[in-house]
Structure formats: C-alpha cells, structure tokens
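Here's the letter readout for the chains.
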Amino acid sequence: MESTLKRTWTEIDLDALIRNYEKLRNKTGAGVKFLGVVKADAYGHGAIMVAKALEEAGTDYLAVSSIDEAMELRLNGIKMPVLILGHTPREQVERLIEYDITQAVTCKAKAVEYSEEAQRLGKTLRIHIKVDTGMSRLGYLCDGDYFNTGIDGISEAVNMPGLDAEGIFTHFAVSDEPGEECQKYTEHQFSLFKSVIENVEQKTGKRFKLRHCANTGAVARYPETYLDMVRPGLLLYGYGEFASELGLEPVMTLKTNISTIKIYPAGTAISYGGIYKTTHTTRVGVLPYGYADGFFRALSNKCTLMTSMGPAKQIGKICMDMCMIDISDMPEVVVGSEIEIFGKNNPIEDLASIAGTIPYELTCAVSKRVPRDYIKNGEIICKELMLRM
Ligand SMILES: *Cc1c(COP(=O)(O)O)cnc(C)c1O
C-alpha cells in the first residue's frame, strides 16, 4: 500500500545503507563474511527493503530475533541465509527446515527438542551454537566453573542427530563502552570464546564453518574478533560515535511538517497541563507528530527540532498526535514547511542523549502510523504505508 498523505514520514536512504555496508566490508576485509542484523524490522528501517538491498549488495547472512521476522523475509522473496537469534518453539522446527532458516541453539534442553523434532521429520536443522561468555543472557554458560559442563553440552549438541552445527557465536556486553575495564572484559569474553571453540572442535573432531562474535562495538574497535564473520546492526544504519568515526551515514531521516501556525500573547499556557507559558508574543507551529508516532513524551519541553532556519524549541507537553514548537523569529517557516526530527541535519545522537537513551531505541520507536519513503539511486522507489488497508 502506498502512502498519499504528507503528515510525518521517514526517508530510508538505501544508497547510504549500501555505502555503509561497503565501507564496513572494506574495513573487515575480503576473507571475512558479513551478517547484517535486521531484527526489529531492521531497527525500524523496514526489514524487507533493507534485506533486499543487502542481499543485492552481496551480504552473506542476515539475523532476526524470531521466526515471525524470519518468515516475513522468506515470504517476501529473501533467499539468502537467515539466522534466528532468539528462541523458536519445537512445534515450529518443521517450518524452520521447510523455509531453510538457521536456528540459534542456546542450551541443552533446546538442542534435545530440536534434534528430536528434526529426527521425527527425517530432516536436518541447521543451527548456530550460542555461547554465553559474559553477556549473561542466552547461550551455553562457559565461564569459570562452568567451562567443562559448557564444553560437554556444546559437544553433545554438535553430535546430535538431525542437527547441523554450521556455526558458533557469542555476544559482547561492553564492546561499545569506553575504558580499560570494558576492554579487559571484552578481551576475556573473546579469549573464552576461542578456547570454547578449540576445546569443542578437539573433542568432537568437527570444525565450525562460521565462528562469529563482532557486533557494532567490536567491528569498530576489536579487529581481532572478526573470525569468519562479523555481525553488526547499528553500524549499518549509520548511528553512534563509531559510525561517525568510520565515516558512515545515517540511513533514516524522520520528518514532519507544520500543519498550523498560531500567534499567542505572553502568558499563554501551551498544551496539556500548561507546563509551558509563553514569555513573549510567540509564533507557535503545530506539528502532526506525537507520542503515538514514536516521540517520547518524556522529551516534552526538552528538545529542539530542525527547521530551515535552524533549531526550534519544542514547547509544552507532547500529545498523542501532535506537538508544538516555537518558531518566533523564523519567518521562512510557514504552514507546510518540512521539519526534521532527526536525520542528516539533526543528529539522532543528540535527541537520544537528551532522552537518556541510545539511537537504537529512537529508530525502533517510530510507529507503524509513520510511512516510509525508500530512496534508491537518489530517487523515491516506494512509499510504504504500514497500516492495514
Ligand atoms: C542485536 C544483536 C547484534 C547487533 O548489535 P549492534 O550493537 O546493533 O551491532 C548482534 N548480535 C546479537 C546476538 C544481537 O542480539
């Protein structure tokens, strides 16, 4: 479905995405495969279009968090390898195999379930073993006292009938954080990971084809962790300090426009709760952009949005569908003028920092009411409306 309305929309620059991908590929080198993380609807950028662009550009693998996300890709024509990072219930193993989807195996109980199901079907499920080296989330626990039981459990899974352990991976907890302590922690996670692989390969006599661990922080800062494949998300989309250091570009621009302009005398309370009172005659722009579009209400009265004449202060409580900005002394800003919420002229990192969060959360928060204009070769190729029609 095409969007016709110019209310609030995102521009997804697929050219920038591919330039980012190519720069990262240059950095990681020819011998290293590349997995693009497209979970959470490609961090809010649109998983189908992002996956298509990455597939066309020669990315080796994609990762998502659930079977629903994987099926979305398959049912929309994505043929390349897809890894599910999260859990899939055993009833879905048949679909995993039918649709040629790779599943992460995170503990013995899952390995047993998947192996039983695959055998029952007389088929093989391709898996990547997940190792918990210090993220303390999913994966075979292998640190400290758990080393031997970890090795045993993983080796058992590698040898289970019905499972093809193509890969093994771990996830870094603080590879993107500064300081010596975080560096030590990351180095410990990495050396533990290597040692787990070595021990399992020795014990089973099998070799993992794809050993991977480098997320955004590690791709930027720890080249020794690239192994067979890197696995970044955020860097591809061009946000954060590492992206700017590497010369990557933001892929998403979020825009709105002015629907109404009002002029209020000094002392006028603006919006719910009257938390903002004008101190002078104020020209107020009403924007069709509110918390139901993904604007955090906690940002009320705290941030600026970008006009053609510079930043305008957001004033008063952010409403569900609207918010107000102060455009006094901005005569060029008129009804219909475009306002950039974040993007190439208004860094998302600034808004994220005021909101006390990270860019990931802001791009993921853009709601389905906001259509996406995809740009390829400098032209809008599709205006995607996410509402069900
Ligand atoms: C989300 C995720 C990534 C990507 O993380 P970034 O910080 O965006 O690079 C990589 N691996 C796993 C297991 C993840 O869950």
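Residues numbered from 1 in each chain as written. Predicted model: local features only at pLDDT ≥ 70, side-chain atom pairs only at ≥ 80, totals over all residues. Heavy atoms only, no water.

1. Some words on the overall build of the protein
On a plain count of helices and strands, the protein comes out with 13 helices and 21 strands. With respect to the three principal axes, the spread of C-alpha positions in the protein is 80 × 50 × 40 Å. Counting across all 389 residues of the protein, residues that qualify as buried make up 54%. Accessible surface for the protein amounts to roughly 17000 Å². Of this, 51% is attributable to carbon and sulfur atoms. Here the protein contributes 44 positive and 51 negative side-chain charges, whose respective centroids are spaced 3 Å apart. (Helix = DSSP H or I, 4+ residues; strand = E, 2+ residues; numbered from the N terminus. Buried < 20%, exposed > 50% of the residue type's maximum accessible area, 1.4 Å probe, protein only. Areas by Shrake-Rupley, 256 points an atom, 1.4 Å probe, with all protein chains shown as cover. Lys, Arg positive; Asp, Glu negative; His and termini not counted. Charge placed at Lys NZ, Arg CZ, Asp CG, Glu CD.)

2. So, the side chain of Asp 13
Tracing the backbone through its elements, the reader meets Asp 13 in strand β1 (residues 8-13). Within polar-contact distance, the side chain of Asp 13 engages the backbone nitrogen of Ala 16 at 3.1 Å. With residues near it in sequence (within four places) discarded, Asp 13 still touches Arg 19, Val 251, Lys 344 and Ile 375. (Polar contact = N/O pair within 3.5 Å; in protein donor to acceptor, adjacent residues only side chain to side chain. Contact = heavy atoms within 4.5 Å.)

3. Re the site of the ligand
The environment of the ligand is made up of 13 residues, and the closest members are Lys 39, Tyr 43, Thr 216, Leu 234 and Tyr 360. The contact in question runs from an oxygen atom of the ligand to an N or O atom on the backbone of Gly 233, over 2.9 Å. For the ligand, an oxygen atom lies 2.6 Å from a polar atom in the side chain of Tyr 360. A total of 390 Å² of accessible area belongs to the ligand in isolation, and the protein chains cover 92% of it. (Near = heavy atom within 4 Å.)

4. Looking at the state of the cysteines
Throughout this description, disulfide means a covalent bond between two cysteine sulfur atoms. The final tally for this structure, using the stated rule, is zero disulfides. Note on Cys 213: no disulfide assigned, nearest cysteine sulfur contributed by Cys 142 at a separation of 14 Å. Cys 303 provides the cysteine sulfur closest to Cys 323, a residue in no disulfide bond, and the two sulfurs are 7.7 Å apart. (Disulfide = S-S within 2.5 Å.)

5. Considering the nonpolar core
Formed by 112 residues in total, the largest nonpolar core has its most connected members in Leu 17 and Ile 154. With sequence-adjacent residues up to four places away left out, Ile 154 is seen in contact with Ile 129, Val 131, Tyr 140, Cys 142, Ile 168, Val 196 and Val 200. Within the second largest apolar cluster, six residues are counted, among which are Ile 270, Tyr 276, Val 284 and Val 286. (Core = buried A, V, L, I, M, F, W, Y, C linked by side-chain atoms within 4.5 Å.)

6. Focus on the packing of helix α1 (residues 14-28) against helix α3 (residues 47-57)
Where α1 contacts α3, the two axes come as close as 10 Å, and the packing angle between them is 45 degrees. Between α1 and α3, the angle is such that the two are oblique. For the pair α1 and α3, the crossing hand works out as right-handed. Of the residues in α3, those touching α1 at Leu 14, Leu 17, Ile 18 and Tyr 21 are Met 49, Val 50, Ala 53, Leu 54 and Ala 57. Residues that form the contact of α1 with α3 fall into these classes: nine nonpolar, no polar and no charged. (Axes fitted to C-alpha atoms, helices over the stretch in contact; angles between N-to-C directions. Parallel < 35°, antiparallel > 145°, perpendicular 65-115°, else oblique. Left-handed = near helix turned anticlockwise from the far one by under 90°. Nonpolar A, V, L, I, M, F, W, Y, C, P; charged D, E, K, R; others polar.)

7. Focus on the packing of aromatic side chains
Applying the stated criterion across every chain, the model contains four aromatic pairs. Joined through ring pairs, the aromatic side chains of Tyr 43, Tyr 237 and Tyr 360 make up one cluster. (Phe/Tyr/Trp six-rings, centres within 6.5 Å; stacked < 30°, edge-to-face > 60°.)

8. Description of the pattern of salt bridges
Evaluation of the coordinates by the stated rule reveals 21 salt bridges. Arg 207 is the salt-bridge partner of Glu 201, the closest N and O atoms lying 3.3 Å from each other. Residue class for Glu 201 comes out buried when judged on its relative accessible area of 11%. According to the relative accessible area criterion, Arg 207 is exposed, its value standing at 68%. For Arg 211, the salt bridge goes to Asp 228, with nearest N and O atoms at 2.7 Å. One end of the pair, Arg 211, is in strand β9 (residues 210-214); the other, Asp 228, is in the loop between α9 (216-221) and β10 (229-230), and 17 residues separate them in sequence. Arg 211 gets classed as partly exposed once you look at its relative accessible area, which sits at 24%. Several salt bridges converge on common partners, so that one network encompasses Arg 7, Asp 293, Asp 321 and Arg 369. (Salt bridge = Lys/Arg side-chain N within 4 Å of Asp/Glu carboxyl O.)

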